[in-house]
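A look at the structure
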Amino acid sequence: MHRISINLMGALLSLSLATAATGASTSKAAPLTRTERCTILSRQVDEALKTHAAATQVTAAKALQRKGNRYCAKKKEAQGIRMLAKALKLLGVTPIDPDG
């Protein structure tokens, strides 16, 4: 299993535990917000940059990550998510769909 998958599972477990601790008793977890997706994808890019440091597109991927993070910070999460996903694809990594 990849380190990226383990980190995502840890993040999702933390969200699940937080939901359980607040007393929410739904059978299906609520979908993640766009802000949460931004955070998860940015972390995935960080991990992909470590494991794919020799990739030819590292510089372009880093630039896309910075741009995506700026969009996310400016409440333009949809654009940020697209930039982060594009950065991952440049590194040859499939973006993880945290909802399923």
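Residues numbered from 1 in each chain as written. Predicted model: local features only at pLDDT ≥ 70, side-chain atom pairs only at ≥ 80, totals over all residues. Heavy atoms only, no water.

**A few points about the state of the cysteines**
Short version of the rule: Any pair of cysteine sulfurs within 2.5 Å is marked as a disulfide. The helix count covers DSSP runs of H or I at least four residues long, the strand count covers runs of E at least two residues long, and both are numbered beginning at the N terminus. The cut-offs for exposure are 20% and 50% of the maximum accessible area for each residue type, with area from a 1.4 Å probe on protein chains only; residues under the lower value are buried, those over the upper are exposed, and the others partly exposed.
The final tally for this structure, using the stated rule, is 1 disulfide. A sulfur-sulfur separation of 2.1 Å characterises the disulfide bridge that pairs C38 with C72. Taking the torsion about the sulfur-sulfur bond, which here is approximately -75°, the covalent link between C38 and C72 counts as left-handed. Note that C38 is positioned in helix α2 (residues 34-51) and C72 in helix α3 (residues 58-73), a separation of 34 residues in sequence. Across this residue pair, the class does not change: C38 and C72 are buried.

**Concerning the pattern of salt bridges**
Opposite charge on two side chains permits them to pair, given that their charged atoms come into close proximity. Rule in force here: When a carboxyl oxygen of Asp or Glu is within 4 Å of a side-chain nitrogen of Lys or Arg, the pair counts as a salt bridge.
This structure, assessed with the given rule, holds 1 salt bridge. Notably, a salt bridge pairs K50 with E47, separated by 3.6 Å at the nearest N-O pair. Of this pair, K50 and E47 both sit in helix α2, 3 residues apart, which is roughly one turn of that helix. On the basis of relative accessibility, which here comes to 58%, the residue K50 falls in the exposed class. Judged by relative accessible area, which is 11%, E47 ranks as buried.

None of the figures reported here should be taken as evidence of function without further support.
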